[in-house]
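Spelled out, the chains give:
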Amino acid sequence: MFGSQSTPPMTSRLHSPAAERNRIPITEVLRQVLPAQGAALEIASGTGQHVAHFAVALPGWQWQPSDPDAQLLESIGSWAQGLANVLPAVPLDVTAPDWRLPRYDAIFCANMIHIAPWNACLALLRGAAAHLRPEGLLVLYGPYRIAGRHTAPSNQAFDADLRQRDPAWGVRDLEQVQDVAQAQGLHLQQRFEMPANNQCLVFRGG
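Owing to the predicted nature of the structure, the values given are computational and were not obtained by experimental measurement.

Q: Just give me the short version of the sheet that holds strand E6 (residues 149-150), but keep the residues and values in it.
A: Within a beta sheet, neighbouring strands are joined by backbone hydrogen bonds and run either parallel or antiparallel to one another. Spatially, E6-E5-E7 is the arrangement adopted by the three strands of the open sheet, whose pairing is mixed. Each end of this open sheet is capped by a strand with a single partner; those strands are E6 and strand E7 (172-173). Direction of pairing for strand E5 (residues 144-146) relative to E6: antiparallel, over a ladder of two bridges. Residue pairing in the sheet places Arg-145 in a bridge with His-150 of E6.

This is the structure in structure tokens:
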């Protein structure tokens, strides 16, 4: 049904300790909010650990990983080795005017918008609205400020470090993301408090 793919050698497999830690809690959220089957796009797939875990845990879903980094595309392919419900990873810059991708039942993105300029968040929300099927879900994972405040001192320190590295980066305000998403027809349905002071936001398209 989903086809197969050839993959790069294991030497191209990169490892993220954070992805290793949070993949199970994120999967539990996906199990709660997603139907039994569908097609999903993962944006900024990184090493590929997330999509590999999701594919096994949610076998009724076909997964399309993506990332703008060629080295990470190789790592994704290595992690997805032997998983028939993971399509070959595609290069995707969310700020591109045309993603050249079909519509999906769900779009997932973890830990991207705080390590990218604000216009990348705007582009992500705009592109997600354009590429979700009716009633499709956008799931965002990462740290957020809520009501103008950081949810933990560690998040405040992390935010300061990000902004020192690049003034265009930083932990985003949940309410601002929610407002921009709503302007694109994406409405916040659920918010899950996650380990390590992160949040999982679930938006539903029109």
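Right, picking up where we left off after that structure.
Q: Account for the pattern of salt bridges, with residues named and values stated.
A: Two side chains with opposite charge may pair up if their charged atoms get near one another. Applying the stated criterion across every chain, the model contains eight salt bridges. Close ionic contact of Asp-105 with Arg-133 constitutes a salt bridge, the shortest N to O distance being 2.9 Å. Note that Asp-105 is positioned in strand E3 (residues 104-110) and Arg-133 in strand E4 (residues 132-142), a separation of 28 residues in sequence. A residue is classified by how much of its surface remains accessible, and Arg-133, at 35% relative accessible area, is partly exposed. The salt bridge involving Arg-145 is made with Asp-173; its shortest N-O contact spans 2.9 Å. With Arg-145 in strand E5 and Asp-173 in strand E7, this pair connects stretches of sequence that are 28 residues apart. For Arg-145, a relative accessible area of 22% gives the class partly exposed. Residue classification places Asp-173 among the buried residues on the basis of a relative accessible area of 18%.

Q: Which residues make up unusual backbone geometry, and what values go with them?
A: We note that Ala-196 has phi near 60 degrees; this positive angle belongs to a residue other than glycine. Mapped onto the elements of the fold, Ala-196 is located in the loop between strand E8 (187-194) and strand E9 (198-204). Even without being a glycine, Asn-197 presents a positive backbone phi close to 60 degrees. Topologically, Asn-197 is positioned in the loop between E8 and E9.

Q: Mind laying out the packing of aromatic side chains, listing which residues take part and the relevant values?
A: Pairs of aromatic rings are described using the distance from one ring centre to the other and the angle between the two planes. In the structure shown here, the tally under the stated rule is three aromatic pairs. Between Phe-54 and Trp-63 the ring centres are 5.4 Å apart and the planes differ by 40 degrees, which places this aromatic pair in the tilted class. Overall, Phe-54 belongs to the buried group, its relative accessible area being 0%. Looking at Trp-63, the relative accessible area reads 1%, which means it is buried. Among the aromatic residues, those joined into a cluster by ring pairs are Phe-54, Trp-61, Trp-63 and Phe-108. Positioned over the ring face of Trp-79 is Arg-13, at 4.3 Å from the centre of the ring.

Q: Let's hear about the layout of surface pockets: which residues, and what values?
A: Each pocket or cavity is described by its volume, and for the largest pocket that value is around 820 Å³. If you trace the largest pocket, you find 38 residues lining it, with Ala-18, Asn-22, Ala-110, Asn-111 and His-114 closest to the centre. Those elements that place two or more of their residues in the lining of the largest pocket are helix H1 (17-33), strand E1 (38-43), helix H2 (49-57) and helix H5 (153-165). The element contributing the most residues to the lining of the largest pocket is H1, with five residues. For the lining of the largest pocket, the residue count by class is 19 nonpolar, 15 polar and four charged.

Rules of the game
- Residues numbered from 1 in each chain as written.
- Predicted model: local features only at pLDDT ≥ 70, side-chain atom pairs only at ≥ 80, totals over all residues.
- Heavy atoms only, no water.
- Pairing = 2+ DSSP bridges.
- Helix = DSSP H or I, 4+ residues; strand = E, 2+ residues; numbered from the N terminus.
- Salt bridge = Lys/Arg side-chain N within 4 Å of Asp/Glu carboxyl O.
- Buried < 20%, exposed > 50% of the residue type's maximum accessible area, 1.4 Å probe, protein only.
- Phe/Tyr/Trp six-rings, centres within 6.5 Å; stacked < 30°, edge-to-face > 60°.
- Lys NZ or Arg CZ within 6 Å of the ring centre and 35° of its normal.
- 1 Å grid on protein atoms, 1.4 Å probe; cavity = no way out; pocket = protein on both sides within 12 Å on 5 of 7 lines; lining within 4 Å.
- Points joined across faces, edges and corners; volume = space filled by probe spheres on them.
- Nonpolar A, V, L, I, M, F, W, Y, C, P; charged D, E, K, R; others polar.

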